[in-house]
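In case you want the letters, here they are:
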Protein chains: 6
Amino acid sequence: MRPDERKTNELRPISVLRHFTNKTPGSVLIRAGETMVLCTASVSSKLPAWMDPEENRGWVTAEYSMMPGSTSPRKSRERGGKIDGRSSEIQRLIGRSLRAVVDLEKLGPRAVTIDCDVLQADGGTRTLSITGAMIALLDALHSIEEFQNMVPGDPDFPARDYAAAVSVGLVEGEPRLDLCYLEDAAAEVDMNVVMTAGGRFIEIQGTGEEATFDENQLAALLALAKKGISELTEIQKNGG
Amino acid sequence: MRPDERKTNELRPISVLRHFTNKTPGSVLIRAGETMVLCTASVSSKLPAWMDPEENRGWVTAEYSMMPGSTSPRKSRERGGKIDGRSSEIQRLIGRSLRAVVDLEKLGPRAVTIDCDVLQADGGTRTLSITGAMIALLDALHSIEEFQNMVPGDPDFPARDYAAAVSVGLVEGEPRLDLCYLEDAAAEVDMNVVMTAGGRFIEIQGTGEEATFDENQLAALLALAKKGISELTEIQKNGG
Amino acid sequence: MRPDERKTNELRPISVLRHFTNKTPGSVLIRAGETMVLCTASVSSKLPAWMDPEENRGWVTAEYSMMPGSTSPRKSRERGGKIDGRSSEIQRLIGRSLRAVVDLEKLGPRAVTIDCDVLQADGGTRTLSITGAMIALLDALHSIEEFQNMVPGDPDFPARDYAAAVSVGLVEGEPRLDLCYLEDAAAEVDMNVVMTAGGRFIEIQGTGEEATFDENQLAALLALAKKGISELTEIQKNGG
Amino acid sequence: MRPDERKTNELRPISVLRHFTNKTPGSVLIRAGETMVLCTASVSSKLPAWMDPEENRGWVTAEYSMMPGSTSPRKSRERGGKIDGRSSEIQRLIGRSLRAVVDLEKLGPRAVTIDCDVLQADGGTRTLSITGAMIALLDALHSIEEFQNMVPGDPDFPARDYAAAVSVGLVEGEPRLDLCYLEDAAAEVDMNVVMTAGGRFIEIQGTGEEATFDENQLAALLALAKKGISELTEIQKNGG
Amino acid sequence: MRPDERKTNELRPISVLRHFTNKTPGSVLIRAGETMVLCTASVSSKLPAWMDPEENRGWVTAEYSMMPGSTSPRKSRERGGKIDGRSSEIQRLIGRSLRAVVDLEKLGPRAVTIDCDVLQADGGTRTLSITGAMIALLDALHSIEEFQNMVPGDPDFPARDYAAAVSVGLVEGEPRLDLCYLEDAAAEVDMNVVMTAGGRFIEIQGTGEEATFDENQLAALLALAKKGISELTEIQKNGG
Amino acid sequence: MRPDERKTNELRPISVLRHFTNKTPGSVLIRAGETMVLCTASVSSKLPAWMDPEENRGWVTAEYSMMPGSTSPRKSRERGGKIDGRSSEIQRLIGRSLRAVVDLEKLGPRAVTIDCDVLQADGGTRTLSITGAMIALLDALHSIEEFQNMVPGDPDFPARDYAAAVSVGLVEGEPRLDLCYLEDAAAEVDMNVVMTAGGRFIEIQGTGEEATFDENQLAALLALAKKGISELTEIQKNGG
C-alpha cells in the first residue's frame, strides 16, 4: 500500500492555476499532491553574452530554487556565495528539457527565462517543475504577437511538442509512478523521465540509491513513466 | 486623482490567506492591491550562534526577497555572492519590528524565522511583509502547545501587541496613504511607518527622495499612517 | 546625569580637521566626543554603469566602514565575501542624504564618492559620517574650477543647502541629544535625523529598540534634533 | 566512419598507470584515447559534519575539476566564488556511483575522497573519471591494513562489486560506443551509463541534445554500454 | 637629483604619533614623507583555530589594507569577495616580520592582531607598516600587566628585538634609500628589507621589475638598507 | 647528513617531460626529487582588460595551485570564494619572474598564461614551477610561426634569456641547496632565488622563519643558489 493509497501506476492529483501572478507573461502555480511549484516565464530581448547576436536565434533557460519555507526543517537560502549543487543540476535539467522541444531559430532573438520556485516540497519537485514550466513557456510564447494563437506542432510556432516529466522508482522492490517524499526517501532506485506528448524520450536519469537495478526493472519503470507522462501532456494540451 | 482612483486616505484592498502552504506552522499569502507576499514562519530549537544558551531567551528574525518573476523586467536572483543592500536593509527592519512586540523571555529558547518572499511587487512590499509576517508569527506561536489559544496581551503570551506597517508619501505635494508603485516612483517624500494596534510607534523611516519636507508635512503623513495601521491591525485581530 | 555630564540638549564637542590627507580633493577628519570618522571625497569622470551618459547628470555616492581597531573587541574586516547588512544600510543613508541637497544636473557628468571610515566608534558614527561627508563634498566641489568660490545656495553651485545629522533617543524615558555609545546601548528609542541648514527634514529613522514610543515623545526628540542640527550646520558654514 | 576509425562498438584504447603520485594511497592516471584523468584517493578519519559519529559508518565522496590546460581555449579556474554547475553535477555523479558498490558500514568511520582532475579532455571525462576512481578507491582500501588483500565480493571488504562507466550516443542516427569529443559535440543523443561488473545498472543519464529518442534507440544504446562496461571492469579486475 | 631633493642615502622625514585612537592598546599613526599608515594593535585571548590550545603559545598576525582615499584615482574596497593578492602578500610579510622578533611562548596564550591601514600612499607602504606595527605591538604588550615596563631584550619580555623595514632600489642605475612613489614607479630594481636593531636580516625581497641585477648592485642596496634601518630602530627605541 | 643523502651543494635529480599533454602549445611535467609540477602554457589573442590594445604589447601571467592529492593530509580545493594568500603570492612571483626575461613588445598582442599545478609536493614547489614554466613558455613561443626556431638571445625572439629558480636555506646552521620538505620545515632561514642563465638576479626572497640571519650567511646562501641555477639553466638550454 502506498502512503496516500494510490495504485502503483497512478499519478497524484494535479492542479494547474495559470496567470497566478501578472508581472510575467507566463505564471503557473502547479500542484501534484502536496508538492507545489510556482513557474514564471519572462521574455527579454537581451540574449546571454555567449550567444552570437548575428545568428538571430533565441534561448530558453531555467532557474530552480526551493523556498525556505517549502520544507521542514526550514531550508537556508542560497545567498552570499553558498553553492547548492543540487539546485544547479536541476535547473540545467529543466532548461535542457524545454530546449529539446523548442526551435530556437523560430523563437527569434529572444531569451525566455523560466523560474521554478518550490513553495511546498513533497517529492518530485524537479519533474513537476518541468511539467509546469512547459505551460508557463507556452503562455509566454502566446504573449508574443506573432505566436498568439498557435499550438505545438504549428509550422511557425517555436514549440515543436509538449514536454512533461515524472518520477518513477523501485520501492520495496515494487515499481511505482510519481513518488511522494516518503517513497522517494525509501526508494532503492529513483528515476526521472522527461518525454514528449508524442512518447519520445527527452531525458532519462536513473539512479540506484546505494543500490543497483537490472534490465527488467528498467523496462517496468520506463513503462510506468510513459503512462504518467501521457496523462500529464493531456493536461497540458487542455490548458492546465 | 490616484492611479487606482482611491481616496488619499484609503488603503488598497487587503486579502489574507492563512495556511497557504503546510510545511511551516505559519504560512500567510497576503495581498494589497497588486502587491502579493508569501510570509512563512518556521520555529526551531536551534538558536543563533551569538546567543548565550544559558539565558533561556528566544529570537525572532526575518528574511526578505523579491522573487525573479515578481517584477518586470525580471529581477536577478541574489545568488552566488551578489549582495543586495536593499534586501538586507528590509529584512533587518522586518525582524526589528516584530521583536518590538515580542517578549523574548516568554518565547523561551526558540528561534522563529519569518521568510517574506514577494511574489508580485507593486509598491509597499516591505510594509506588507511586516503586516503579513505578524500574522504568520502568531500562527507559528499558536503551533506551540503552551501558547495555543492565547492572544496578544495575554500575560504569558510572547506577543505583547499586534504590529502592522504602511507606507505614506507626498505625491505632487499631496499626502497619500499606501502608495502603489506608480505613486512610489513619483513621490517627493516616502515614509514607512510601523505601529502597534495600540497606536504607538515602532519605527518611522521617512526619506526625502532628492527632496526635503517640513514639520507640517510630517504631521500630515503620520496622521495618515496612523489611520491605515489601525485598519490593518483590525484585520490582524480578526484573523486575516 | 549623562555619562559625560552633558545637558540633555547638548552636543558632544565637535572638531573638524580639513585636508587631513592630500590624495583626494576632500578629506575631513571629524570628531564628536570619542567618535572619529575620516571622510574622503573623490571625483571621477567615470559614471556608474546604470546611468545614461547622454543625460549629462552626475552622481554622489558613499561608502561606510568601521575600521578593525575602531572598537573593542576588534571588528573583523568585511572581506572575502562576508556581507555586513548594517554597513550597507548606513552607506545607502549617507549617499541619499547628500543627494537630497545636491542638484545632479548642475554637478554635470561627474561621480563623487565619499568614503566614511570610522577610526574610533563611540556612538553616532552614521550621523557624524553624514555631517563630515557634507564638508568633504563641499571641498571636493571647490576643487572643480567652475565651482571654486561658490557656497550652497549660489545659483550655479550643485549643493543647494547644507546637510547634517544627529542622533537623539529616549534613555530611561528622557529625551537626549547626540547619544554616546553607553546611552545608545541603553536607549529605549533611537532616532537618526538628517536635516538641512534651513531646518527641513531629509531623513528620519526612528526605531523602538524592543520598545515603542508615542507622539509626544516623537515631538520632543525631533525638537532636540532640530536644535543640534542647526548647531552642526553653523559649524559647516564656518568651514569646519 | 568514426573520426578515429573505430568500429561503432569499440572502446578507445585504455591505459591505466597506478601509483602515479605517492602522497595519497590511491593515485591512478587513466587514459582513454586522448582523454586523460588523474584520480587520487585520500583516506581520513574526519567524517563530514552532517554524519552522526555514533553510527560508525564511513563516507565516500568525489571532487571533479578540469584543469585549465586540459582544453583549448584554456578553461578558467573555478576560483574566487565562481560556480560551475557542470563540475558540481559531475562530482555528485562520481560519488553516487562509487557509493552504490560500497558498504559504508564495512568501511567503518573513515572518509574516502576521490579527486578526479582532468589533465586532457577529449570527450567522456566523467565516465573515465568513474572508471579510474574505482581503481583508486580499491588501492586506497588496500592501504588500510584490515582490507589489505581483499577483492570486491569478499565478505568483509567494503567494495561489493566493481563499477565502471562509459558514454554512448546517437551520431548521425547511428548508435556508437565511447564518444570522443568530435562525436560528443555532434551527437543527437548522449548517454552516460554506470554499471557493475555483474552487469547491473547503477546510473543511466540519457539526454536528447535538442532532440529526442525512441525505445528502440534506447535499447541499442544500452546494449553498447553493457558491452563496453564489461570490458572496462575486466581491466579493473586485472589491476589496471 | 631625487624628486624631493634628498641625498641617495637619506630617509624621508619620519613622524610617529602614538595613542592616535584609544579603543586598542596600540595605535600608531606613522608618517614617512607623504606616506601615512595607521597601525592599531588588539590583544585577544581567542587564539586562531589551527593552534593547539594546550601548547600555551600565543600568535601575532597582521592585516593590511589601502583605504579608498589613500590614492588617486580612488582605490575600490576589497569587499564582497574580491581578492587582492597584493594585500594578502603584504600582510603575510608584516606578520612574519613581527613574529621573527617575538617569542610566542613568552607571549602566552594571547593573539595580537596588528591592523595596518594606509591613509595616504606615496611609496613604501609595506615597509612603513612594519616599522609602525612594531611600535604598536610594543604598546600592546605594555598594556598587559606582566610586561608593563619591559623593553626588547629583557629576559621575560616576548619581544626579543626591534624590527624595522625600508625599501631600497636602483633608479636610473643609482642605488637609493627609501623610495617615494615616483621613484618606485621608475625603479629598475625594488627591494624591501626587514632587519633587527642588531643589524640582522629578517626578510629580503628584491625584485627586478622587468629587469635584472648583479651582485655588486645587491651589495650596494643592502648597505643602504642597513643604514636606513639602524636610523628607524633608533626612532623606535626612543618611543616614536 | 641530508635526509636524501645529497651533498649540501647538490640539486635533487631533475627530470623534464615535454608535451606531456597536447591541448596547449606548452606542456611540461617537471620533477625534482619527489616534487612534481605540471606546467601548461596557453596563448590567446585576448589581452587582459587593463591593457591598452593600442600599445601592441603582450602579457605573460601565471596561475599556481596545489592539487588536492599533492600532499598528505589532502589539501582542500580553492573553490567557492575561499582565498589562499600563499597561492596568490606564488603565482605573482612566477609571472614576475618570467616577465623579467620577456620583451613584451616583441611578443606582440598576445597573452600567454602558464598554469603550474603541483601534482606532488615535497618542498620547492614554487621554484620548480618557475623552472618548468620557463620551458613551457619557450615551447608556447615556438608554436607561434614567426618565433619558430629562435632561442633566447636571438634579436627578434621575445625571451631575452632563460630564467630558473631554486630554494636555499640554513638548516641546523648549515647552508644547503634545494631543500626537500623535511629540510624546509626545519630551516631557520628559507630563501628562494630566481636568476638568469647569465647569472643575474631576477628575484631574491629570503625569510628568517622566526629567526634572523647575518651577511655572511646571506653570501653563502646566494653562492649556493647561483651554482644550482646555473645547472638548471643548462638543462633548460638542452631542451629539458
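Trainee: Give me the overall build of chain A: which residues, what numbers.
Mentor: Counting its regular elements, chain A contains 5 helices and 9 strands. Each helix (α) and strand (β) of chain A, taken in turn from the N terminus, gives the series β-β-β-β-α-α-β-α-β-β-α-β-β-α. Viewed in the frame of its principal axes, chain A has a C-alpha envelope of about 55 × 40 × 30 Å. Looking at chain A as a whole, 60% of its 240 residues are labelled buried. Contacts in chain A between residues far apart in sequence, at least 24 positions, make up 66% of those at least 6 positions apart. A total accessible area of about 9,100 Å² is found for chain A, and carbon and sulfur atoms account for 47% of it. Between the centroid of the 27 positive side chains of chain A and the centroid of its 36 negative side chains there is a distance of 4 Å.

Trainee: So what's going on with the interface of chain B and chain C? Residues and values would help.
Mentor: You'll often see interface size given as the accessible area lost when the parts meet. Taken together, the contacts link 33 residues of chain B with 33 residues of chain C. Summing the contributions of chain B and of chain C, the shared interface buries around 2,900 Å²; its carbon and sulfur component is 48%. Considering only the surface of chain B that becomes buried against chain C, Glu-89, Phe-201 and Glu-210 of chain B emerge as the three largest contributors, covering 21% of it. Of the charged contacts in the structure, one is a salt bridge between Glu-215 of chain C and Lys-226 of chain B, with a shortest N-O distance of 2.7 Å. For the side of chain B that touches chain C, the secondary structure elements donating two or more residues are helix 1 (85-99), strand 9 (201-208) and helix 5 (215-237) of chain B. Looking at the side of chain B that touches chain C residue by residue, the class counts come to 11 nonpolar, 9 polar and 13 charged. Of the pairings in the sheet, the one linking strand 9 of chain B to strand 9 (residues 201-208) of chain C comprises 5 bridges and is antiparallel in character. Across the sheet, Gly-206 of chain B pairs through a bridge with Ile-204 of chain C, a residue of strand 9 of chain C.

Trainee: Give me helix 3 (residues 125-142) of chain D: which residues, what numbers.
Mentor: With 18 residues, helix 3 of chain D should reach 26 Å at 1.5 Å per residue; the first-to-last C-alpha distance of 26 Å fits that figure. For helix 3 of chain D, the tally of buried residues reaches 17 of 18 residues, placing the bulk of the element in the interior.

Trainee: Quick rundown of the interface of chain B and chain A? Include the residues and the values.
Mentor: The interface is formed by 36 residues belonging to chain B together with 36 residues belonging to chain A. Taken over both partners, the interface formed by chain B and chain A buries close to 2,700 Å², and the fraction arising from carbon and sulfur atoms is 47%. Seen at the junction of chain B and chain A, the total is 10 salt bridges. For the salt bridge of Asp-115 of chain A with Arg-77 of chain B, the shortest nitrogen-to-oxygen distance reads 2.8 Å. Linking chain B to chain A there are 14 residue pairs in polar contact (both at pLDDT 80 or more). It is strand 5 (residues 111-120) of chain B that provides the largest number of residues to the side of chain B that touches chain A, a total of 6 residues. Within the side of chain B that touches chain A, the residues separate by chemical class into 10 nonpolar, 16 polar and 10 charged.

Trainee: Would you mind going over the relation of the copies chain B and chain A in detail, with residue names and values included?
Mentor: Here chain B sits on chain A after a turn of 180° about the axis and a move of 0.0 Å along it, with an RMSD of 0.0 Å. Considering both components of the superposition, the chain copies are consistent with a two-fold axis. A share of 100% of interface residues in chain B that are also interface residues in chain A marks the association as one of identical surfaces.

Trainee: Could you give an account of the arrangement of the chains, with specific residues and numbers?
Mentor: Chain A shows no contact with chain E. Their nearest C-alpha atoms sit 9 Å apart. You won't find any contact between chain B and chain F; their C-alpha atoms come no closer than 9 Å.

Trainee: Help me get a handle on helix 5 (residues 215-237) of chain D, residues and values and all.
Mentor: All names here are of chain D. For helix 5, which comprises 23 residues, the first-to-last C-alpha distance of 33 Å matches the rise-based estimate of 33 Å (1.5 Å per residue) to within 8%. Among the residues of helix 5, Leu-218, Leu-221, Leu-222, Leu-224, Ala-225, Gly-228, Ile-229, Leu-232, Thr-233 and Gln-236 are the ones counted as buried. If you check the start of helix 5, you find a side-chain oxygen 3.1 Å away from the backbone N of Asn-216, and it comes from Asp-214. Immediately beyond the C-terminal end of helix 5, within one or two residues, lies Gly-239, with a positive phi of roughly 80°.

Trainee: Lay out the state of the cysteines in plain terms, naming residues and giving numbers.
Mentor: Here is the idea: a disulfide is a covalent bond, and it sits between the sulfur atoms of two cysteines. Throughout the structure, instances matching the rule amount to 0 disulfides over all chains. We note that Cys-39 of chain A lacks a disulfide partner, and the nearest cysteine sulfur, in Cys-116 of chain A, lies 4.0 Å from it.

Trainee: Explain the side chain of Thr-233 of chain D to me, and be specific about the residues and the numbers.
Mentor: All names here are of chain D. With respect to the helices and strands, the residue Thr-233 is situated in helix 5. Exposure remark for Thr-233: the relative accessible area of 2% places this residue in the buried category. Ignoring sequence-local partners within four residues, the contact set of Thr-233 consists of Tyr-162, Ala-164, Thr-196 and Ala-197.

Thresholds applied
Residues numbered from 1 in each chain as written. Chains lettered and ligands numbered in written order. Predicted model: local features only at pLDDT ≥ 70, side-chain atom pairs only at ≥ 80, totals over all residues. Heavy atoms only, no water. Helix = DSSP H or I, 4+ residues; strand = E, 2+ residues; numbered from the N terminus. Buried < 20%, exposed > 50% of the residue type's maximum accessible area, 1.4 Å probe, protein only. Contact = heavy atoms within 4.5 Å. Areas by Shrake-Rupley, 256 points an atom, 1.4 Å probe, with all protein chains shown as cover. Lys, Arg positive; Asp, Glu negative; His and termini not counted. Charge placed at Lys NZ, Arg CZ, Asp CG, Glu CD. Buried area = accessible area lost by both parts, 1.4 Å probe. Salt bridge = Lys/Arg side-chain N within 4 Å of Asp/Glu carboxyl O. Nonpolar A, V, L, I, M, F, W, Y, C, P; charged D, E, K, R; others polar. Pairing = 2+ DSSP bridges. Expected span 1.5 Å × (residues − 1). Polar contact = N/O pair within 3.5 Å; in protein donor to acceptor, adjacent residues only side chain to side chain. Least-squares fit on C-alpha atoms with pLDDT ≥ 70 in both. Disulfide = S-S within 2.5 Å.

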